[in-house]
Every structure is written in C-alpha cells, then in structure tokens.
Amino acid sequence: MSDTAKLQVAGKEVDYPVLTGSVGPDVVDIRKLYAQTGTFTYDPGFTSTASCESGLTYIDGDEGVLLHRGYPIGQLAEQSSFMEVAYLLLNGELPGKDELDKFNNTITRHTMLHEQLATFYRGFRRDAHPMAVMCGVVGALSAFYHDSTDITDPKQRMIASHRLIAKMPTIAAMAYKYSVGQPFLYPDNSLSYTGNFLRMTFGVPAEEYVVNPVVEKALDRIFILHADHEQNASTSTVRLAGSSGANPFACIAAGIACLWGPAHGGANEAALNMLHEIGRPERIPEFIARAKDKNDPFRLMGFGHRVYKNYDPRATVMQKTVREVFKELNVSDPVFEVALQLEEMALKDDYFVEKKLFPNVDFYSGVILSAIGFPTTMFTALFALARTVGWVAQWNEMISDPEQKIGRPRQLYTGPVQRDYVPVDKR
Ligand code: SDX
C-alpha cells in the first residue's frame with residue numbers, strides 16, 4: 001500500500017501520509033487537512049476515525065480477536081488473573097512473580113476509603129442507582145486525595161492509578177450495602193482483589209464470610225473480560241476529559257457516566273431485563289420480530305457491536321463461565337435457556353446474519369452475575385469496576401503521549417447564517 005493518500009478537495013490536490021501500525025488498518029494522517037484545504041472530515045460516531053495511537057489493546061472485529069498487549073483474551077481469561085492483566089495493561093509486560101506480588105501488595109494497601117467518604121453515601125436515597133452513586137463518589141475522590149492529582153508528576157499519576165484500581169471494589173460494594181441497608185465492611189487484606197470484593201459485598205459483620213473459590217475465579221475472569229477494549233465510548237470520554245488536564249479521579253467519573261448508557265455498559269442490565277421480559281422460549285419470535293422492525297426502537301440488548309462483525313470472543317468465555325458457575329452453585333435459571341435459544345434463533349435469521357449482529361460481552365454476563373447474587377442494578381457498576389483498569393491505563397498512555405493535545409472536534413454547521421437581532425415589539 002502506498003505511503004501517501006491523495007485527496008482532491010476545494011480545488012486542491014494534497015497528499016497525506018499513510019501511517020502503518022503493528023497490526024490492523026493503516027491510517028491516513030489528516031492533521032493538516034483543514035490548514036491546507038479549509039475542509040473538515042465528517043464522521044459522526046467516529047466509525048472511520050482513529051483518535052489516537054495506542055499499544056494497549058487490539059481488536060480484529062472480523063476475526064473476533066481481542067489482544068491485550070498482544071496476548072489473546074482467551075489465554076488471559078483462562079491462565080491469568082485480573083491483577084496480572086491490570087499490571088500488563090499498565091506496564092506493557094507480564095510481571096515476574098516478585099513484580100506481581102509487589103503490585104498485589106500495593107493495590108491491597110490502597111483498598112480503604114477516607115472515612116469521611118462513608119458519610120458521603122448517606123446523602124443518597126437508599127434506592128439510588130449504584131451507577132449514580134459511583135459517579136458521585138469517584139468524582140469526590142479528587143476532594144480527598146490531593147497528593148495524587150498533579151498529572152505532570154509520573155509518581156502522582158501512578159499513585160492515583162493504584163488508588164483508583166484499589167478503591168473501585170470498595171466503592172462498588174459500599175454502594176450495594178447502602179442500597180440494601182446493611183453496614184459497610186472494611187477491606188480484608190488477607191483476601192485476593194476479587195475475594196475481597198465478594199466479602200465486602202455479600203459478607204455481614206454478624207458472621208464470617210467464606211469466599212467460594214469457583215465464584216471468585218469466575219468473577220475474576222469476568223473482570224478480565226471487561227478490563228479494556230480500545231477506544232470505546234467511555235474510554236474515549238476518559239481520554240477527552242484527561243486531554244484538558246483534568247485530574248484522574250474526575251476523568252474516571254466521566255468514564256463511569258458514559259458507561260452507564262444502555263447502548264454501552266448499561267447493556268448488561270438491559271439484556272437481563274430483556275431476557276426476563278421474554279420469560280420463556282415461546283416468546284422469542286415476538287422479540288426478534290420487534291428487533292427487526294424499523295418502526296420499533298427495541299433492539300436485542302447484548303447483541304451487535306461497532307467493531308465485532310463476528311462473535312465477540314468475550315461472549316464465548318462468558319457463556320462457558322455460566323455453565324461452570326451454574327454447576328458449582330447447583331443452580332439453573334430458565335433465563336439462561338432463553339438466552340441460549342434466543343442466540344440460536346437470531347443467528348439463523350437473515351436480518352442478524354446480514355447485519356453481522358452477534359452476542360457481545362453483555363449478553364450472558366447478567367445471567368452469571370445474577371446467579372452469584374448481584375442485583376441487576378449492580379451489573380454496570382461491576383463493569384465500571386473492571387474497566388477502571390483499562391481507563392487508567394489508557395489515561396496514562398494519553399498523558400505520556402508527546403503528540404496528545406486537548407481534544408476539540410469541529411462540526412458541519414447547518415444552523416442559521418448571521419442575522420440581526422429584532423426587538424420583541426417588532427417580531
Ligand atoms: C459494549 O465499543 C465497545 O467496545 C463497547 C464494549 C466495550 O467493551 O467497551 O464492547 C461494551 O458497549 C457492548 C455493546 C453493548 N450494547 C448493546 O448490546 C446494545 C444493543 N446493541 C446496539 O445498540 C448496537 O449494536 C451498538 C450500539 C452496540 C453498535 O451500534 P453501531 O455500531 O452504531 O451500529 P448501528 O446502531 O448503526 O446498527 C447497524 C444496524 C442498524 O440497522 P440499519 O439502520 O442499518 O437498518 O444494525 C441494527 C441497527 O438498527 N442493529 C440492531 C442491533 N444492533 C444494531 N438491530 C437489532 N438489535 C440490535 N442489538
């Protein structure tokens with residue numbers, strides 16, 4: 001492929017460099033386009049736009065490939081741990097045993113929250129959505145941890161990164177406890193990252209909580225599946241917020257707000273609600289027909305993806321994990337059968353085949369999280385907990401990128417051209 005792209009526009013013919021990455025599509029570097037031609041590009045939703053250079057995660061949507069620093073998600077899900085993947089995304093290489101132990105110890109010792117933040121929760125209604133609480137409490141962290149908000153200091157950036165990764169489970173567990181009227185539990189440093197989260201969520205002061213190792217492993221794997229995913233909407237939000245120099249706590253709070261949307265991280269909650277609404281396999285054709293009806297805004301939640309035009313590899317691991325958790329907990333849920341049959345029927349339907357709509361990471365996650373005991377409203381909070389690792393890694397990469405500058409897109413203006421003000425008595 002030539003290393004330049006020729007563009008004829010506004011009566012000019014200009015060559016633009018074509019940049020090649022280590023894998024994936026080349027990009028046309030159009031940074032000088034406006035200065036040279038007075039023309040913008042137009043790409044609502046950024047379907048053909050690379051916003052940055054990154055070495056963290058690579059997705060091949062046609063092949064259903066997802067790599068974190070080059071390692072396939074299937075191998076990481078089966079052989080790694082969420083903390084090891086966090087280290088990998090933050091530092092670029094898999095840690096040696098001593099490095100991993102040191103990282104685990106560092107994260108473990110940042111899991112407590114400033115005691116004043118516990119009173120912060122008491123300002124919310126008990127029925128507040130956990131994502132509303134997460135937005136508020138994570139944004140408030142910048143009012144407590146002033147010693148790690150100077151983004152020009154790499155040491156402070158890393159402390160803030162560790163604090164965010166470490167405190168998200170505590171914040172999410174406290175949001176759940178507050179919603180059910182139970183007391184908060186402090187972190188227990190003798191437990192794993194994920195075991196600690198399970199105990200803070202489901203444990204009570206009245207008795208010892210024993211972590212179920214199969215559930216711990218399944219949830220840790222679910223966190224791995226949600227860790228990072230290129231420049232998705234919430235990650236792009238974190239990068240855009242960070243490009244203005246905002247502190248990392250505010251940037252992650254912005255990411256949480258964006259993730260909440262049902263087209264994005266909110267889809268796991270919406271997908272389980274949809275499966276419950278379908279209720280039984282006989283009603284599946286009715287919902288497939290609605291999803292195909294252009295006049296009906298209903299979409300199959302947990303289906304389709306901007307990048308994956310083949311099976312989301314995370315959904316494959318997720319479905320396998322459902323079977324493991326169901327077997328261990330000796331549970332069954334008719335909703336899982338509905339999900340399996342819905343997937344089978346949709347993938348035989350021309351509409352979904354032609355539009356390349358496959359189950360995504362959100363399609364099965366709710367089935368497992370529900371079986372473990374999480375209420376549906378906590379599903380997106382768990383997604384935010386896990387994606388904080390990716391957001392923090394992407395934020396650090398952006399801050400360290402010598403080419404990064406404040407994000408400021410332009411527009412195609414279609415409003416009124418200049419006109420003079422008319423006093424109200426003359427209108
Ligand atoms: C996540 O970006 C990421 O990486 C996100 C994520 C991550 O890890 O960060 O992977 C997490 O957000 C997964 C996606 C979760 N969202 C859902 O499951 C919600 C349901 N899915 C859709 O809303 C949709 O598929 C999106 C938002 C996920 C993707 O939308 P796109 O790429 O903008 O595609 P589109 O809306 O233009 O749809 C293309 C066509 C349309 O039909 P036409 O206008 O061409 O006739 O496919 C149709 C859509 O109507 N379509 C669906 C559908 N998804 C797309 N029709 C029915 N059901 C669906 N789920």
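Residues numbered from 1 in each chain as written. Predicted model: local features only at pLDDT ≥ 70, side-chain atom pairs only at ≥ 80, totals over all residues. Heavy atoms only, no water.

Caption draft 1: Quick peek at the pairing of strand β2 (residues 12–19). With 6 bridges joining them, strand β1 (residues 4–9) and β2 adopt antiparallel strand pairing. When the bridges of β2 are listed, Lys6 appears paired with Asp15. The turn linking β1 back onto β2 is made up of 2 residues, and Ala10 within it adopts a positive phi angle of 50 degrees. Pairing of β2 with strand β3 (residues 27–28), which is carried by 2 bridges, proceeds in the antiparallel orientation. Residue pairing in the sheet places Leu19 in a bridge with Val27 of β3. (Pairing = 2+ DSSP bridges. Helix = DSSP H or I, 4+ residues; strand = E, 2+ residues; numbered from the N terminus.)

Caption draft 2: Geometry of the site of the ligand. Close to the ligand lie 24 residues; His229, Leu300, His305, Arg314 and Arg387 are nearest. In this structure, Gly302 approaches the ligand through a main-chain N or O atom, which is 2.8 Å from an oxygen atom. The side chain of His305 places a nitrogen or oxygen atom 2.6 Å from an oxygen atom of the ligand. Bound to the protein, the ligand loses 77% of the 1100 Å² it would expose on its own. (Near = heavy atom within 4 Å. Polar contact = N/O pair within 3.5 Å; in protein donor to acceptor, adjacent residues only side chain to side chain. Areas by Shrake-Rupley, 256 points an atom, 1.4 Å probe, with all protein chains shown as cover.)

Caption draft 3: Spotlight on the pairing of strand β5 (residues 65–68). Bridge count between strand β4 (residues 57–60) and β5: 4 bridges; the pairing is antiparallel. Within β5, the residue paired with Tyr58 across the bridge is Leu67. Hairpin connection of β4 to β5: 4 residues between the antiparallel strands, including Gly64 at a positive phi of 65 degrees. Summarising the sheet, β5 and strand β6 (residues 71–72) pair through 2 bridges and their orientation is antiparallel. Paired with His68 across the strands is Tyr71, a residue of β6.

Caption draft 4: Region of interest: the UniProt feature "transmembrane region" (unreviewed entry) in the protein. The feature "transmembrane region" (unreviewed entry), as given by UniProt, occupies residues 363–386 in the numbering adopted here. Strand forms 0% of residues 363–386 and helix 75%; the C-alpha atoms that close the span are 17 Å apart. (UniProt positions renumbered as here; feature names shortened; annotations may be inferred.)

Caption draft 5: Layout of the packing of aromatic side chains. Taken as a whole, this structure holds 19 aromatic pairs when the rule is applied. Centre to centre, the rings of Phe197 and Phe374 are 5.9 Å apart; their planes meet at 10 degrees, and the pair counts as stacked. Linking Phe197 in helix α8 (residues 193–202) with Phe374 in the loop between α17 (361–372) and α18 (379–400), this pair joins segments that are 177 residues apart in sequence. Note on accessibility: Phe197 and Phe374 belong to one class, buried. Ring geometry for Phe363 and Tyr364: centres 4.9 Å apart, planes at 80 degrees, overall edge-to-face. (Phe/Tyr/Trp six-rings, centres within 6.5 Å; stacked < 30°, edge-to-face > 60°. Buried < 20%, exposed > 50% of the residue type's maximum accessible area, 1.4 Å probe, protein only.)

Caption draft 6: Focus on the pattern of salt bridges. In the structure shown here, the tally under the stated rule is 17 salt bridges. The salt bridge partner of Arg221 is Glu324, with a shortest N-O separation of 3.2 Å. A residue pair is termed long-range when its members are at least 10 positions apart, and Arg221 in helix α9 (residues 213–225) and Glu324 in helix α14 (residues 313–329) qualify at 103 residues. Owing to a relative accessible area of 29%, Glu324 belongs among the partly exposed residues under this scheme. Note that Glu344 and Lys348 form a salt bridge whose closest N and O atoms lie 3.0 Å from each other. On the basis of relative accessibility, which here comes to 46%, the residue Glu344 falls in the partly exposed class. (Salt bridge = Lys/Arg side-chain N within 4 Å of Asp/Glu carboxyl O.)

Caption draft 7: Examining the environment of Arg221 more closely. Classification of Arg221 by relative accessible area gives buried; the value is 4%. C-alpha of Arg221 to C-alpha of Thr194: the two residues are 27 residues apart in sequence and 9.7 Å apart in space.

Caption draft 8: Spatial organisation of unusual backbone geometry. The residue Phe46 is not glycine, and still its phi comes out positive at about 55 degrees. If you check the backbone angles, Arg69 has positive phi at about 50 degrees while not being a glycine. Mapped onto the fold, Arg69 is located in the loop between β5 and β6.

Caption draft 9: Inspection of the UniProt feature "active site" (unreviewed entry) in the protein at higher detail. With numbering aligned to this structure, UniProt lists the feature "active site" (unreviewed entry) at His305 and Asp362. Despite a sequence span of 58 residues, these residues sit close together in the fold, their greatest C-alpha distance being 10.5 Å. Residue position: His305 is located in the loop between α13 (284–292) and α14. In contact with His305, not counting residues within four places along its chain, are His229, Arg314 and Asn360. In terms of polar contacts, His305 uses its side chain to reach the backbone amide nitrogen of Val307, at 2.9 Å. (Contact = heavy atoms within 4.5 Å.)

Caption draft 10: Just the nonpolar core, in detail. Core analysis: the largest hydrophobic core is formed by 118 residues, its most contacted members being Leu275 and Phe374. If we skip the residues at most four places from it in the chain, Phe374 touches Phe197, Leu198, Thr201, Phe202, Leu219, Leu369, Phe379 and Leu382. (Core = buried A, V, L, I, M, F, W, Y, C linked by side-chain atoms within 4.5 Å.)

Caption draft 11: View of the packing of helix α6 (residues 130–140) against helix α11 (residues 248–259). At their nearest, the axes of α6 and α11 sit 8 Å apart, and the two run at 170 degrees to each other. On the basis of the axis angle, α6 is roughly antiparallel to α11. Regarding α6 and α11, the two cross each other, and that crossing is left-handed. Contacts between α6 and α11 involve Met131, Met134, Cys135, Val138 and Gly139 from the first element and Phe249, Ile252, Ala253, Ile256 and Ala257 from the second. (Axes fitted to C-alpha atoms, helices over the stretch in contact; angles between N-to-C directions. Parallel < 35°, antiparallel > 145°, perpendicular 65-115°, else oblique. Left-handed = near helix turned anticlockwise from the far one by under 90°.)

Caption draft 12: Looking closely at the state of the cysteines. Tallied over the full model, the rule gives 0 disulfides. The thiol of Cys52 is not disulfide-bonded; the next cysteine sulfur, from Cys251, is found 14 Å away. Note on Cys251: no disulfide assigned, nearest cysteine sulfur contributed by Cys258 at a separation of 13 Å. Given a relative accessible area of 0%, Cys251 falls into the buried group. (Disulfide = S-S within 2.5 Å.)

Caption draft 13: Structural context of the sheet that holds β6. Ordered by their spatial adjacency, 3 strands build an open sheet running β4-β5-β6, and the pairing between neighbours is antiparallel. Both edges of this open sheet fall to β4 and β6, since each of them pairs with a single strand only.

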